[in-house]
Each structure stands twice: as C-alpha cells, then as structure tokens.
Amino acid sequence: HTAYTCMMLNFSLIAHVVTRLFLVFTGDPVGTLVTTVLAYPANISSVIYYSFHGAGDALRDYENFHIDRDSGNITIARTLDYESKRIYNVSVHVD
C-alpha cells in the first residue's frame, strides 16, 4: 500500500484565513509540486510575494517544503518519511 502524508496549509490574506488539506505521497521526490497558492492584489500595479509564515515555529514544518516567492508554487524540499511524521502544518504569508 502507498502511505501518504498530510500537509495542512493555512493561507492568510487580509485577516482572511483559508485552510486546505493536501495529500503528499511517500516516495514523491524532492521538487514535486504540492499546490499553488494564488492571491490577487487590491491594486493591479502591486506585486505579490509569497513566503512561509512562522520562521520561529518550534515544529518548523515549513522547512520540508519550498515556496516560490513569485509564483506561489509549493514543492517538496526534503524527503518526507510517513513513519516519522504524518502531518505537516504550514502557513503561507502574502506580501
């Protein structure tokens, strides 16, 4: 059977929080796309940047993933082991 790891993504934008659950399969290689976060600027000429929120988080779950600051693509950054950790909580910040 194929084991999977859950990644919970908390996405905050202007006091609005959206939580999504994504499944990441054990054995998915580093660089695999998990999801893409999309936000839209209030002003069409504004630029949006994405980053992980909670750099001081004791769990540091975000270190297992990479977010492209321009596109919002979230990919696997480290090999995930279902036996050692089954749920990752990651928050995305939009500037």
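(A) How the structure looks around the sheet that holds strand β3 (residues 33-36). Across the sheet, which stays open at both edges, the three strands sit in the order β3-β6-β5 with antiparallel pairing between neighbours. Of all strands in the sheet, those bounded by a partner on one side alone are β3 and β5 (65-67). Averaged over all pairs of adjacent strands, the angle between their axes in this sheet comes to 20°, without regard to strand direction. As judged from the three bridges shared by β3 and strand β6 (residues 73-76), these two strands associate in the antiparallel manner. Within the sheet, the bridge partner assigned to T35 lies in β6 and is I74.

(B) Quick look at the pattern of salt bridges. Scanning the entire structure with this criterion turns up four salt bridges. A salt bridge links R78 to E63, with the nearest nitrogen and oxygen atoms 3.8 Å apart. Taken together, the residues R78 in the loop between β6 and β7 (87-94) and E63 in the loop between β4 (50-53) and β5 connect sequence positions 15 residues apart. Overall, E63 belongs to the partly exposed group, its relative accessible area being 26%. Notably, a salt bridge pairs R86 with E83, separated by 3.9 Å at the nearest N-O pair. With relative accessibility at 61%, the residue E83 sits in the exposed group. Look at the salt bridges and you will find they share partners, linking R60, E63 and R78 into a network.

(C) Spatial organisation of the packing of aromatic side chains. Applying the stated criterion across every chain, the model contains two aromatic pairs. Between F52 and Y62, the aromatic rings sit 6.4 Å apart at their centres with planes inclined by 45°, giving tilted as the arrangement. Here the residue F52 occupies a position in strand β4, and Y62 occupies one in the loop between β4 and β5, the gap between them amounting to 10 residues. A single burial state applies to F52 and to Y62, both of which are buried.

(D) Quick peek at the nonpolar core. Judged by nonpolar contacts, the single largest core of 18 residues is most densely connected at V34, Y50, F52, F65, I74 and V92. Among the secondary structure elements, those contributing two or more residues to this core are β2 (16-25), β4, β5, β6 and β7. Considering each element in turn, this core owes the most residues, four residues, to β7.

Calculation notes
Residues numbered from 1 in each chain as written. Predicted model: local features only at pLDDT ≥ 70, side-chain atom pairs only at ≥ 80, totals over all residues. Heavy atoms only, no water. Pairing = 2+ DSSP bridges. Helix = DSSP H or I, 4+ residues; strand = E, 2+ residues; numbered from the N terminus. Axes fitted to C-alpha atoms, helices over the stretch in contact; angles between N-to-C directions. Salt bridge = Lys/Arg side-chain N within 4 Å of Asp/Glu carboxyl O. Buried < 20%, exposed > 50% of the residue type's maximum accessible area, 1.4 Å probe, protein only. Phe/Tyr/Trp six-rings, centres within 6.5 Å; stacked < 30°, edge-to-face > 60°. Core = buried A, V, L, I, M, F, W, Y, C linked by side-chain atoms within 4.5 Å.

The analysis is restricted to geometry; functional conclusions fall outside its scope.
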